[in-house]
Amino acid sequence: MVTNLNKLKTAATDSIWIVGGARSGKTARLVEQFCLWSKTVKPLPANVSSRGRSGRWRAGQTAPAILVLAANGDNRLELADRIAIATQGKYAFHSTTPFGFFEQEVLLFWPLLLQSLDLKAQFPLRLQPETELELAARLWRRELDEGILQQTGVSPNRMVRRTLDLLQLAAVSGTPREEIPHILQQGFAAGDGSNSLWTSMGELLERWREWCLTRGLLTYGIVCELYWRYLLPNVTYQQQLASRYQAVIADDVDDYPAISGHLFDRMLDTGAAGAFSYNRDGGVRLGLGADTEYLARLESRCGSVENLDAKAGLSSEIGDLAVSLAVNSEGFYPLGLSLPGSVRSLETTSRAQLLRETAEIIVDAVKSKAVEAQEIAVVAPGMDAIARYSLTEILARDGIAAESLNDQRPLSTTPEIRALLTLLALVYPGLGRLVDRDAVAEMLVILGSQKHRELPETAEDNPTFNLKSKIQNLKSIDQVRAGLIADHCFCPDLDRPQLLEITAFPRWDRVGHRAALAYEQIVEWIEQQRSQQQERLLPSPIALIDRAIQKFLINDRYLPFDRLAALRELIETAAHYWVLHARMQRVEPTNGGDSETIARFIQLLRQGTVTANPFPVRSQGPEAQAVTLANIFQYRSSRRAHKWHFWLDAGSPLWLSGGAATLFGAPLFVRSQLGRPWGTEDETAADQQRLRRILVDLLSRCSVLYLCHSELAVNGQEQTGPLLPLINSSVSCQQSAIRHSGTSRKEKS
């Protein structure tokens, strides 16, 4: 349908298609092209006509109208910086991501959508994934309770997420939402009673979409559908788009959704120039909405094609061999195979031993100056909490920092966040059921333990020095003291749980004067906030969280970047939650007060919901000089490169999946797959193609590789992953090199 029409479109002579592997210079070529376009003609004043002038920019423009797109937020920041440096900041451009662009356009041209969809005039509000899940679960509560929306072995929350993801997949692929049940019926085997489930999913999504639009709420899926189905075909919008942008630069289009191709087609049709970079071994987000094959057709729309054949890192040496061993060998490897010395192996029996020895090799390498800490990356198909904690702790003993790359863990796993949630339940009434002894003890440890400023040794060194100020600056509550205080001073109550005076503990002297004073200050602060809340002087729970952070967490201590990022994430999540609450109260007023909303917010975070990432901010200072810890998906998404790679759990079968969970039904919404069934053979072929891309891509990003393999996984089962032939080959080559080295020494002697 759309594809056949696109074949008839003519190529844009001034558009460029740049294809190459990782680190082949694609982004640098795009930056160069931006510089060439921006210097075609000088920007014209608004009152000067461009008639008779050659060049791309139209009359009335005061700056080049170039749209610059990158696959994700971090890549966007880096690309924007590189362009600004190359042009010395002289030329304006609009930098964003594909979804960021869709959302901006939908919000900017919301009045057009109101007219075409006959919606109520109200400013739209974008839902975050966690609030989207909560609201949809409430809307579909009856279907969940009655088992209408149910699959064997799938939890209710997961079932809601799967259903919502189907709307997103259909939207980003340019597929009408009405076709979702039919696509599922065709794609999955019939006869198992699932057809009624697919129909129910389609009906629930229709109800959800209507419910959201009626209230002015937008989700990822709804935004994308509104853009490609209603806004992009609008003649008024098309005219505005053509007048605003005369060129588009898109980096890594292999990671873009299919509807990005619709946008690029429209821009090229109206005379805009395009510069696109494409990596055949990319497609990091395949299974998460990207359509690499569909975007590849843009090559036929470009007047020139540039192939950057340079291979980076180890891919030039062992890329083809590694793919052959892992994908095609079926567990066998040829005798006499030779791998370079830059490929090494580390084999242990247990995973605990593997983690310890991996960290020790890193420590030795850094201490011997063979490599810097920031030149090392530990990459695994699944960087679980055990591996992350073990590596971080062992490296820290030798003064080596470790940075978890885009660590998407639930907020409730951060102690500071749990302490702040407990604080909310102690200040606001009616939340006693959400506070227990253990939570209070942990809160006292977090809020009462601080990194202290240095004090003069004697009173003579400082005229204002006194014993009380010294104790205040040295306040500290450890776990044992916190437990004792919570046992004797915490008074549970459904409405108003209390922290009693320290003297309520008969042996309060056992906790020490410093801990007692720190506890009294916490109690006093909580009582002040309670008083202000009762007098309506506390604006909102967000204000309370901010006050607590300022008072207890960042007032006199240095927090690591990951903890600061978690606090930012909490503030942004809370702000969004209460903006949404205010919207819902205007549309559907309820009698529940702040306490009910706060209770839902606390429960949402405590149940392990992964909230949306905060606006990307890059770490600076000590964390920049750190070993990088990441799973495969996170590392490939970041487009980073490191001199040394440690592939942790190299024998794991998870290498086939790349460490990223594919969305339910995702293969069915790839444009080339629409209307076709998805079977076991398709799954196997997709896994092998994914593994090939992973190997070539990762090998392009390192010069030294350690294959770290343990015979037994965490659960005690034997590891039999696809990289075993490569591991065995590396071990064989190492043993051969050792024997050869020993023979040489004997001959010399």
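Residues numbered from 1 in each chain as written. Predicted model: local features only at pLDDT ≥ 70, side-chain atom pairs only at ≥ 80, totals over all residues. Heavy atoms only, no water.

Draft legend 1. Structural context of the overall build of the chain. Scanning the chain from terminus to terminus reveals 28 helices and 16 strands. Within the span of the chain, comprising 749 residues, buried residues form 52% of the whole. In the chain, the proportion of contacts linking residues at least 24 apart, taken out of those at least 6 apart, comes to 79%. Working note: accessible area of the chain is about 34200 Å², and carbon and sulfur atoms make up 51% of it. (Helix = DSSP H or I, 4+ residues; strand = E, 2+ residues; numbered from the N terminus. Buried < 20%, exposed > 50% of the residue type's maximum accessible area, 1.4 Å probe, protein only. Contact = heavy atoms within 4.5 Å. Areas by Shrake-Rupley, 256 points an atom, 1.4 Å probe, with all protein chains shown as cover.)

Draft legend 2. Representation of the packing of helix H15 (residues 315-328) against helix H27 (residues 680-699). Running from N to C, H15 and H27 point in directions that differ by 155°, and their axes come no closer than 9 Å. Accordingly, the angle class assigned to the pair H15 and H27 is roughly antiparallel. Relative to H27, H15 is oriented so that their crossing is right-handed. Facing H15, whose interface residues are Ser 315, Ile 318, Gly 319, Ala 322, Val 323, Ala 326 and Val 327, H27 presents Gln 688, Leu 691, Arg 692, Leu 695, Val 696 and Leu 699. Tallied by class, residues from the contact of H15 with H27 come to 9 nonpolar, 3 polar and 1 charged. (Axes fitted to C-alpha atoms, helices over the stretch in contact; angles between N-to-C directions. Parallel < 35°, antiparallel > 145°, perpendicular 65-115°, else oblique. Left-handed = near helix turned anticlockwise from the far one by under 90°. Nonpolar A, V, L, I, M, F, W, Y, C, P; charged D, E, K, R; others polar.)

Draft legend 3. Representation of the environment of Pro 233 within the structure. Among the secondary structure elements, Pro 233 is positioned in the loop between helix H11 (220-231) and helix H12 (235-244). With relative accessibility at 45%, the residue Pro 233 sits in the partly exposed group. As for Pro 233 and His 262, which are separated by 29 residues in sequence, their C-alpha atoms are 9.9 Å apart.

Draft legend 4. Structural detail: the nonpolar core. Within the largest apolar cluster, 87 residues are counted, with the highest numbers of intra-cluster contacts made by Phe 101, Trp 140, Trp 208, Phe 264 and Phe 276. Setting aside its immediate chain neighbours within four residues, Phe 276 contacts Ile 16, Trp 17, Ile 18, Leu 30, Val 248, Ala 250, Val 253, Phe 264, Leu 268, Leu 298 and Cys 302. (Core = buried A, V, L, I, M, F, W, Y, C linked by side-chain atoms within 4.5 Å.)

Draft legend 5. Geometry of the packing of aromatic side chains. In this structure the tally under the stated criterion is 25 aromatic pairs. Taken together, a centroid distance of 4.2 Å and an interplanar angle of 15° make the contact between Phe 99 and Tyr 220 stacked. Taken together, the residues Phe 99 in helix H4 (residues 98-108) and Tyr 220 in helix H11 connect sequence positions 121 residues apart. Note on Phe 99: relative accessible area 13%, which makes it buried. Aromatic side chains Phe 646 and Tyr 706 sit 4.7 Å apart centroid to centroid with 5° between the ring planes, which places their arrangement in the stacked category. Note that Phe 646 is positioned in strand E15 (residues 644-647) and Tyr 706 in strand E16 (residues 704-710), a separation of 60 residues in sequence. (Phe/Tyr/Trp six-rings, centres within 6.5 Å; stacked < 30°, edge-to-face > 60°.)

Draft legend 6. Layout of the sheet that holds strand E9 (residues 343-348). Spatially, the 6 strands line up as an open sheet ordered E9-E16-E15-E10-E14-E11, and their pairing is parallel. Each of the sheet's edge strands pairs with one partner strand only, and the pair in question is E9 and strand E11 (401-404). Put simply, the sheet's adjacent strands are angled 20° from each other on average, direction ignored. Bridge count between strand E10 (residues 376-380) and E15: 4 bridges; the pairing is parallel. Residue pairing for E15: Val 379 is matched across the bridge by Trp 647. (Pairing = 2+ DSSP bridges.)

Draft legend 7. Molecular detail of the pattern of salt bridges. Tallied over the entire structure, the rule returns 41 salt bridges. Taking the shortest distance from any N to any O, the salt bridge between Arg 481 and Asp 478 comes out at 2.6 Å. For Arg 636, the salt bridge goes to Asp 697, with nearest N and O atoms at 2.7 Å. Here Arg 636, found in helix H26 (residues 632-638), pairs with Asp 697, found in helix H27; they are 61 residues apart in sequence, far enough to count as distant. Judged by relative accessible area, which is 2%, Asp 697 ranks as buried. Each of Arg 177, Glu 178, Glu 206, Arg 209, Glu 225 and Arg 229 takes part in one network of salt bridges that share partners. (Salt bridge = Lys/Arg side-chain N within 4 Å of Asp/Glu carboxyl O.)

Draft legend 8. Examining helix H19 (residues 437-448) more closely. Here H19 contains 12 residues, and its C-alpha end-to-end distance of 16 Å stays within 8% of the 16 Å for a straight helix at 1.5 Å per residue. Along H19, 9 of the 12 residues are buried, which leaves the element largely enclosed by surrounding structure. Listing the buried residues of H19 in full gives Ala 439, Val 440, Ala 441, Met 443, Leu 444, Val 445, Ile 446, Leu 447 and Gly 448. Among the structural elements, helix H18 (415-427), helix H21 (479-489), strand E12 (490-491), strand E13 (498-499), helix H22 (513-534) and helix H23 (541-553) are those in contact with the buried residues of H19. (Expected span 1.5 Å × (residues − 1).)

Draft legend 9. A look at empty space enclosed by the protein. What the rule picks out here adds up to 3 cavities of 30 Å³ or more. Surrounding the second largest cavity, Leu 169, Val 172, Ser 173, Ala 258, Gly 287, Leu 288, Gly 289, Ala 290, Asp 291, Ala 666, Phe 669 and Val 670 form its lining. Residue composition of the lining of the second largest cavity, by class: 8 nonpolar, 3 polar and 1 charged. (1 Å grid on protein atoms, 1.4 Å probe; cavity = no way out; pocket = protein on both sides within 12 Å on 5 of 7 lines; lining within 4 Å. Points joined across faces, edges and corners; volume = space filled by probe spheres on them.)

Draft legend 10. Region of interest: the confidence of the model for the chain. Looking at the chain as a whole, its pLDDT mean stands at 86, while 85% of the residues score no less than 70. Confidence over residues 743-749 falls short of pLDDT 50; this stretch has 0 contacts with residues more than four positions distant or in other chains. (pLDDT = per-residue confidence, 0-100.)

Draft legend 11. The layout of surface pockets, seen in detail. Taken as a whole, the second largest pocket spans an internal volume of roughly 630 Å³. Considering the residues around the second largest pocket, the lining is formed by 23 residues, among which Leu 286, Val 670, Trp 678, Ala 686 and Arg 693 are closest to the centre. Elements with a minimum of two residues in the lining of the second largest pocket: helix H14 (292-296) and H27. A total of 8 residues in the lining of the second largest pocket trace back to one element, the largest contributor, which is H27. For the lining of the second largest pocket, the per-class residue count stands at 8 nonpolar, 6 polar and 9 charged.

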